[in-house]
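Here's the letter readout for the chains.
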Amino acid sequence: MKTLNSEKDLKNLLTQERLKNKNIGFVPTMGALHDGHLSLVKHCVRENEVCVVSIFVNPTQFNDKNDLDAYPRTPEKDRTLLQTAGCNYLFAPSEKEMYPEPDTRTFNFGNLACVMEGEHRPGHFNGVAQIVSKLFNIIGPCKAYFGEKDFQQIAIIQQMVKSLHLNVQIIPCPTLREADGLAMSSRNQLLSDEQRRKAPLIAQTLKESATLATNKTVREVKDFVTNTLNKEPLLRVEYFEIANRHTFTPITCWTETTLPIGCIAVFCGNVRLIDNITYFVPQIQTN
Ligand code: AMP
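First, a word on scope: everything that follows refers to the structure included in this document. (Residues numbered from 1 in each chain as written. Predicted model: local features only at pLDDT ≥ 70, side-chain atom pairs only at ≥ 80, totals over all residues. Heavy atoms only, no water.)

**Considering the packing of aromatic side chains**
One pass over the structure, following the stated rule, counts seven aromatic pairs. Aromatic side chains Phe62 and Tyr71 sit 5.7 Å apart centroid to centroid with 75° between the ring planes, which places their arrangement in the edge-to-face category. Classification of Phe62 by relative accessible area gives buried; the value is 10%. Both rings, one in Trp254 and one in Tyr279, keep their centres 5.3 Å apart while their planes meet at 55°; by these two values the pair is tilted. One end of the pair, Trp254, is in the loop between β7 (235–243) and β8 (261–268); the other, Tyr279, is in the segment after β9 (271–278), and 25 residues separate them in sequence. The pair Trp254 / Tyr279 is uniform in exposure class, with both members buried. Ring pairing ties together the aromatic residues Phe26, Phe136 and Phe146, which thus form one cluster. (Phe/Tyr/Trp six-rings, centres within 6.5 Å; stacked < 30°, edge-to-face > 60°. Buried < 20%, exposed > 50% of the residue type's maximum accessible area, 1.4 Å probe, protein only. Helix = DSSP H or I, 4+ residues; strand = E, 2+ residues; numbered from the N terminus.)

Here is the structure:
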């Protein structure tokens, strides 16, 4: 595995690979890698002749400076994990390399960026689109891999690819979980032992809500999730919404859409955790 910090060096190497007709796959990350990231890398290695992984903690997607400063960074360990997973090129640029001048682009994602993560993290998706579009331009991948843990992010990236006419296929990959159900996240490292013991309640409650969905209303399921989690003193629900999985418009009735998605953000102390669940609710036949 080669590690590159400069855009120019990476582009030169990837041009050589393209001249040899090699397919390039890409996994963007912010590092502090765990098995969830590595599952994306494994998909990428399996499906492409060349696998590029980027590690860059992108300041423009953080709406909270303290969150950016506290974000975990484990560069040495990350390198070893990527090498073992079969990554060919690790791109780890500096902030100056990615933002030689301030990025003033504003993306318009409509409703997609106005609800849930978009509503509670103003500017977050604009920052995501800024960095991912830059990385796509540098790397020119055929396929790029994203985790369904960040479900709304995938929709944003797909919309960006469409509106910029980019030639890259977005591959969604399932969420990897710890044995107790907690969605893997770099932020889990920031939890105290006590918080770590309580955090799995998020995934467990979502799972339980999926079984309630067959005989409870949307309102009742939403209340169940919010109340159950808020009863735990170490957890505080920021939002929980059940929505159309394509438009992210909140639903009020199960029959409004097929396979609605429940998306949640919960503070566990100062650590903000997100997760989601798909509701398999039988649709009432109307004809
Ligand atoms: P991040 O480093 O948090 O920006 O994540 C980089 C990529 O890894 C994103 O596409 C995430 O959705 C994905 N990812 C993060 N956690 C998981 C997980 N538990 N399972 C699968 N993919 C994940």
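Having put the structure on the table, let's press on.
**Brief notes about empty space enclosed by the protein**
For the structure on display, the rule yields two cavities of 30 Å³ or more. As a volume, the largest cavity reaches approximately 830 Å³. Taken together, 45 residues form the lining of the largest cavity, with Met30, His37, Lys149, Asp150 and Gln153 sitting closest to its centre. Of all the elements in the fold, those that place two or more residues in the lining of the largest cavity are β2 (24–29), α2 (35–47), α7 (124–139), β5 (143–147), α8 (151–163), β8 and β9. When residues in the lining of the largest cavity are grouped by element, the largest group, six residues, is from α7. Grouping the amino acids of the lining of the largest cavity by side-chain chemistry returns 22 nonpolar, 15 polar and eight charged. Computed from the structure, the second largest cavity encloses a volume of approximately 70 Å³. Around the second largest cavity sit Lys149, Leu182, Ala183, Met184, Ser185, Asn188, Ile202, Ala203, Leu273, Ile274 and Asp275, which together line it. If you list the elements that add at least two residues to the lining of the second largest cavity, you get α10 (200–212) and β9. (1 Å grid on protein atoms, 1.4 Å probe; cavity = no way out; pocket = protein on both sides within 12 Å on 5 of 7 lines; lining within 4 Å. Points joined across faces, edges and corners; volume = space filled by probe spheres on them. Nonpolar A, V, L, I, M, F, W, Y, C, P; charged D, E, K, R; others polar.)

**So, the packing of helix α1 (residues 7–19) against α7**
Contact geometry of α1 with α7 gives a least axis separation of 9 Å together with a crossing angle of 50°. As judged from the angle between their axes, α1 and α7 are oblique. Residues Glu7, Leu10, Lys11, Leu14 and Arg18 of α1 touch α7, and the partners they reach there are Asn137, Ile138 and Ile139. (Axes fitted to C-alpha atoms, helices over the stretch in contact; angles between N-to-C directions. Parallel < 35°, antiparallel > 145°, perpendicular 65-115°, else oblique. Contact = heavy atoms within 4.5 Å.)

**Some remarks on the site of the ligand**
Surveying the vicinity of the ligand reveals 17 residues, the closest of which are Met30, His37, Asp150, Leu176 and Met184. Contact distances for the ligand include 2.9 Å between an oxygen atom and a side-chain N or O atom of His37. Here Asp150 contributes a side-chain N or O atom positioned 2.6 Å from an oxygen atom of the ligand. Notes on the ligand: free accessible area 480 Å², of which the protein chains cover 93%. Looking at the shell around the ligand, the elements with two or more residues in it are β2, α2 and β5. Here the residues of the shell around the ligand are counted per class, giving eight nonpolar, seven polar and two charged. (Near = heavy atom within 4 Å. Polar contact = N/O pair within 3.5 Å; in protein donor to acceptor, adjacent residues only side chain to side chain. Areas by Shrake-Rupley, 256 points an atom, 1.4 Å probe, with all protein chains shown as cover.)

**Some remarks on the sheet that holds β9**
Reading across the sheet, the three strands line up as β7-β8-β9 and stay open at both edges, with antiparallel pairing between neighbours. Of all the strands in the sheet, just β7 and β9 have a single pairing partner and so form its edges. The sheet shows a mean angle of 15° between the axes of neighbouring strands, direction not considered. Judged from the eight bridges that link them, β8 and β9 form a sheet pairing that is antiparallel. Paired with Cys263 across the two strands is Asn276, which belongs to β9. Packed on one face of the sheet, helix α11 (residues 218–230) meets β7 and β8 and runs near 165° to β7. (Pairing = 2+ DSSP bridges.)

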